[in-house]
Amino acid sequence: MTQPVLIPVLGDQLSHRLASLVGSDPAGSVVLMMEVRREAAHVKHHKSKIALIFSAMRHFAAELREAGWTVDYVALDHPDNTGSFAGELARAVDRHKPHALRLTEPSEWRVREDVAAWSAALGLPVEVLEDDRFLCTHGEFAHWAENRREWRMEYFYREMRRKTGLLMDGDHPEGGRWNFDAENRSGPSPGLRGPALPRFAPDATTTAVLALVEREFADHFGALGAFNWPASASEAEAAAEAFLSERLPIFGQWQDAMVAGEDFMFHAVLSPAINLGLLDPLDLCRRAEAEYRKGNAPLAAVEGFIRQIIGWREYIRGVYWQTMPGLATANALDARRPLPDFYWTGATDMACIADCVRTTRDNAYAHHIQRLMVLGNFALLAGLDPGQVADWFLVVYADAFDWVELPNVAGMALFADGGRLASKPYAASGAYINRMSNYCASCRYDVKKKTGPDACPFNALYWHFLDRNAPTLAANRRLANPYATWRRIDAGKRGAYIASADAFLDTLDPARPGWARGGD
Ligand code: FAD
Ligand code: DLZ
Ligand code: SF4
């Protein structure tokens with residue numbers, strides 16, 4: 001092959017319809033895939049997450065070869081592996097003498113900054129194509145966001161419904177309403193259990209990667225024992241099929257419910273496969289709509305699922321690119337408390353947090369309400385440092401990539417962006433967790449008690465949060481009721497709340513260094 005085009009395919013670009021592949025001729029191209037230590041350890045990703053990404057990359061490389069592509073695959077333990085994209089590109093340019101590079105834009109800011117330096121460093125033209133696996137282009141989001149005083153997911157979502165035609169009845173939303181969230185908020189009934197997830201027994205590729213990760217990343221957070229992620233397109237397809245036929249019909253009703261030991265409930269558990277590129281988000285939505293049209297799933301469930309993908313997922317990505325790089329250091333509530341050690345160890349008497357950390361460690365997964373209303377809510381109420389919280393979320397979840405993790409953490413969970421993404425902080429006391437879960441029944445704290453050493457810590461922390469942030473938040477219209485309630489509480493009781501929360505906060509041990517980043 002004379003002077004090919006070199007096509008780097010990154011770890012979350014594992015789609016056959018990737019722009020840089022679709023626009024290229026296999027006969028004149030070399031695809032380069034790189035397992036590099038810097039990506040696996042710039043934050044110390046959960047072992048299962050690294051294993052999933054490497055295994056999925058290896059499966060994808062094999063599929064590309066089968067489809068006729070020349071693939072140069074650099075494994076992590078190749079003796080000459082330099083450990084970085086820049087180093088591996090330089091070596092690949094030496095090997096293949098390409099006349100140009102072509103790639104699909106990286107999903108995250110940090111890597112996009114790296115890419116900007118490649119052309120000068122390599123002395124070659126570098127063509128960067130837009131990632132059209134997302135429904136909303138950068139230009140469309142910027143246009144939508146421009147001149148809007150407030151960005152709200154709901155209005156953006158309606159645009160995406162119109163654009164895709166999903167659940168549309170002519171110009172109107174199917175069923176006469178855009179959003180059926182109000183029907184999706186049931187607390188758990190006694191004994192509620194989700195169906196078992198399909199099992200993906202590790203094949204030879206995954207088995208080799210699991211051993212590599214155990215050897216090379218032994219000091220990273222997380223267990224590998226329960227590894228069950230779909231790591232190829234065909235496994236991801238089986239996972240999608242199981243969700244659409246078994247869990248989608250009941251997805252909506254129990255979307256916000258939490259049950260101790262029930263780690264997946266009726267959730268899709270598809271976010272890693274979607275984010276890596278193994279599943280196409282629009283295709284999933286069309287298939288979900290087909291289940292509704294066939295009468296297999298109710299509108300509320302299907303609308304809820306579609307909203308998560310063409311609404312939240314796309315909105316989050318748009319907000320990321322509109323607000324970076326400032327979002328990475330945003331701290332509108334001036335939260336400075338270090339991350340407590342129990343986020344890593346799970347060693348806390350708070351039963352809700354302990355269970356959420358356990359599933360996170362075992363599965364590299366927790367469902368949305370566990371992330372938002374337990375782990376995120378605690379971080380918000382306790383005033384944890386947004387940078388440390390974001391590092392934790394980026395490390396621990398198999399689906400965590402900066403573009404989706406950061407806006408969810410800094411914007412949705414912590415209000416660190418001052419309300420750009422969401423109109424009010426998702427702050428809640430123990431009563432919410434008690435209503436939506438069975439955690440409190442087995443907790444050593446009493447969710448009904450408001451203050452004192454046996455009271456649920458979320459209760460006093462909730463008022464502590466509102467009180468200490470009154471200068472920033474009291475004018476927020478959506479918080480008018482809680483602030484009015486707070487002002488009606490007599491001064492003695494208010495003092496008891498603040499003292500109780502302060503006493504609890506004093507007990508928090510900061511995380512030991514080294515969990516999230518090598519030299520923390
Ligand atoms: P389901 O609940 O079944 O939802 C279906 C799909 O909708 C998901 O697979 C996902 O693709 C999409 N989706 C739903 N909510 C969101 C959202 N808020 N943002 C983007 N996509 C969404 N999601 C990630 O993919 N990566 C992350 O790193 C991540 N970090 C989060 C951190 C916090 C603090 C919070 C509150 C949410 C975070 N989310 C993240 C969003 C959401 O929690 C996960 O997408 C979801 O839990 C994945 O599980 P699932 O596939 O079972 O999703
Ligand atoms: C997260 C991750 C990990 C753990 N390892 C790799 C890798 O070895 N090679 C690779 O191409 N990508 C990896 N990734 C994903 C990247 O960190 C990054 O998120 C993507 O390149 C998108 O910018
Ligand atoms: Fe969590 Fe409080 Fe319930 Fe315990 S009582 S599980 S700390 S909400």
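Residue numbers here run from 1 along each chain, matching the order of that chain's written sequence. All chains are assigned letters beginning with A, and all ligands numbers beginning with 1, in the order in which they are written. Reporting of local features is limited, given that this is a predicted model, to residues whose pLDDT is at least 70; pairs of side-chain atoms are given and counted only at 80 or more, and all residues count toward the totals for whole chains, interfaces and linings. Note that water and hydrogens are dropped before the side-chain values are worked out from all heavy atoms of the structure.

A.B. asks: Any chance you could break down the packing of aromatic side chains for me, citing the residues and the numbers?
C.D. replies: Here a ring pair, both rings aromatic, is described through the centre-centre distance and the interplanar angle of the planes. Centre distance within 6.5 Å is the pairing criterion for rings of Phe, Tyr and Trp, where only the six-membered ring of Trp is used; planes under 30 degrees apart are then read as stacked, over 60 as edge-to-face, and the remainder as tilted. In the structure shown here, the tally under the stated rule is 33 aromatic pairs. For the ring pair Phe134 and Trp403, a centre distance of 5.1 Å and an interplane angle of 85° mean the geometry is edge-to-face. Here Phe134 is found in the loop between β5 (126-129) and α7 (138-145), whereas its partner Trp403 is found in helix α18 (residues 402-413), with 269 residues between them in sequence. Throughout, exposure labels follow a simple rule: accessible area from a 1.4 Å probe, protein chains only, divided by the maximum for the residue type, with under 20% read as buried, over 50% as exposed, and the rest as partly exposed. Judged by relative accessible area, which is 10%, Phe134 ranks as buried. Classification of Trp403 as buried rests on a relative accessible area of 1%. A run of DSSP states H or I qualifies as a helix once it reaches four residues; a run of E qualifies as a strand once it reaches two. Both are numbered from the N-terminal end.

A.B. asks: Account for the pattern of salt bridges, naming residues and giving values.
C.D. replies: Salt-bridge detection follows one rule: a side-chain nitrogen of Lys or Arg within 4 Å of a carboxyl oxygen of Asp or Glu. Scanning the model with the defined rule gives 39 salt bridges in all. The salt bridge partner of Lys294 is Glu291, with a shortest N-O separation of 3.2 Å. According to the relative accessible area criterion, Lys294 is exposed, its value standing at 56%. Through salt bridges that share partners, Asp263, Asp355, Arg358, Arg361 and Asp362 make up one connected network.

A.B. asks: Give a detailed account of the environment of Thr205, specifying residues and quantitative values.
C.D. replies: Counting through the fold element by element, Thr205 comes out in helix α9 (residues 204-216). Residues Thr205 and Phe54, spaced 151 residues apart in sequence, show a C-alpha to C-alpha distance of 9.2 Å. What makes two residues a contact is simply this: any of their non-hydrogen atoms within 4.5 Å. Ignoring anything within four residues of it in the chain, the contact list for Thr205 reads Ser55, Arg58 and His59.

A.B. asks: Requested: an account of helix α23 (residues 491-506), with residues and values cited.
C.D. replies: Its 16 residues give α23 an end-to-end C-alpha distance of 22 Å, which sits within 8% of 22 Å, the value for a rise of 1.5 Å per residue. Turning to α23, its buried residues are Tyr497, Ser500, Ala501, Phe504 and Leu505. Relative to the axis of α23, the buried residues are bounded by an arc of 135° and lie together on one face. Structural note: α23 exposes Ala491, Gly492 and Asp506 on the side pointing more than 90 degrees away from its buried face. Taken together, the buried residues of α23 touch α16 (368-382), α20 (457-468) and α22 (480-488). Two N or O atoms form a polar contact when they lie within 3.5 Å of each other; inside protein one atom must be a possible hydrogen donor and the other a possible acceptor, and for residues adjacent in sequence the pair counts only when both atoms belong to side chains. Capping the start of α23 is the job of one residue whose side-chain oxygen sits 2.9 Å from the backbone nitrogen of Gly492: Asp490. The span you would expect from a helix comes to 1.5 Å times its residue count less one. Arc, as used here, means the arc of the directions from the helix axis to the C-beta atoms.

A.B. asks: Any details on the nonpolar core? Residues and values, ideally.
C.D. replies: Within the largest apolar cluster, 162 residues are counted, with the highest numbers of intra-cluster contacts made by Met33, Phe54, Tyr315, Ile353 and Phe378. Those residues in contact with Phe378 that sit more than four places away from it in its chain are Pro340, Phe342, Tyr343, Met350, Ile353, Phe458, Leu461, Phe504 and Leu508. Only buried residues count toward a nonpolar core. Its members are Ala, Val, Leu, Ile, Met, Phe, Trp, Tyr and Cys residues joined through side-chain atoms within 4.5 Å. Judged by nonpolar contacts, the second largest core, of 18 residues, contains Met34, Val93, Val115 and Leu124.

A.B. asks: Can you lay out the site of ligand 1 for me, pointing to particular residues and giving the numbers?
C.D. replies: Near is defined per residue: the residue qualifies when any heavy atom it owns lies within 4 Å of the molecule or strand. Residues in close proximity to ligand 1 total 29 residues, the closest being Ala268, Val269, Asn275, Tyr365 and His368. At a separation of 3.5 Å, a nitrogen atom of ligand 1 approaches a polar side-chain atom of Gln308. Here Arg371 contributes a side-chain N or O atom positioned 3.5 Å from a nitrogen atom of ligand 1. Three categories are distinguished: nonpolar for Ala, Val, Leu, Ile, Met, Phe, Trp, Tyr, Cys and Pro, charged for Asp, Glu, Lys and Arg, and polar for the others, with Gly belonging to the last. For the shell around ligand 1, a count of residues per class yields 18 nonpolar, 7 polar and 4 charged.

A.B. asks: Any chance you could break down the environment of Pro482 for me, citing the residues and the numbers?
C.D. replies: By the secondary structure assignment, Pro482 is in helix α22. Considering only alpha carbons, one finds Pro482 and Pro79, 403 residues apart in sequence, at a separation of 60 Å. Aside from chain neighbours lying at most four places away, what touches Pro482 is Tyr462, Trp463 and Leu466.

A.B. asks: Go over the state of the cysteines with me, naming the residues and quoting the values.
C.D. replies: Any cysteine sulfur atom paired with another within 2.5 Å is treated as part of a disulfide. Applying the stated criterion across every chain yields a total of 0 disulfides. Free cysteine: Cys285, not disulfide-bonded; nearest cysteine sulfur from Cys136 at 14 Å. On the accessibility criterion, Cys285 (0% relative accessible area) is buried.

A.B. asks: Talk me through the packing of helix α15 (residues 351-363) against α16; I want residue IDs and the actual numbers.
C.D. replies: Between two packed helices, the angle of one axis relative to the other and the distance separating the axes together describe the packing. All axes are obtained by fitting lines to C-alpha atoms, using only the stretch in contact for helices, and the reported angles, taken between N-to-C directions, cover 0 to 180 degrees. Where α15 contacts α16, the two axes come as close as 10 Å, and the packing angle between them is 120°. Crossing hand, α15 versus α16: left-handed. Mapping the contact onto sequence places Cys352, Ile353, Asp355, Cys356, Val357, Thr359 and Thr360 in α15 and Gln370, Val374, Leu375 and Phe378 in α16. Each crossing is labelled by how the near helix is turned from the far one, with a counterclockwise turn of less than a right angle marking it left-handed and a clockwise turn marking it right-handed.

A.B. asks: Outline the sheet that holds strand β1 (residues 5-8), supporting the account with residue identities and numerical values.
C.D. replies: Reading across from one edge, β3-β2-β1-β4-β5 is the order of the 5 strands in this open sheet, with parallel pairing throughout. Each edge of the open sheet is held by one strand with a lone partner, namely β3 (70-74) and β5. On average, each strand axis in the sheet is inclined to that of its neighbour by 25°, with strand direction left out of account. Strand pairing requires that DSSP identify at least two bridges connecting the strands. Bridging between strand β2 (residues 29-34) and β3 involves 5 bridges; their strand directions are parallel. Its bridge partner lying in β3, Met33 is registered against Tyr73.

Nothing here speaks to function; it is all geometry.
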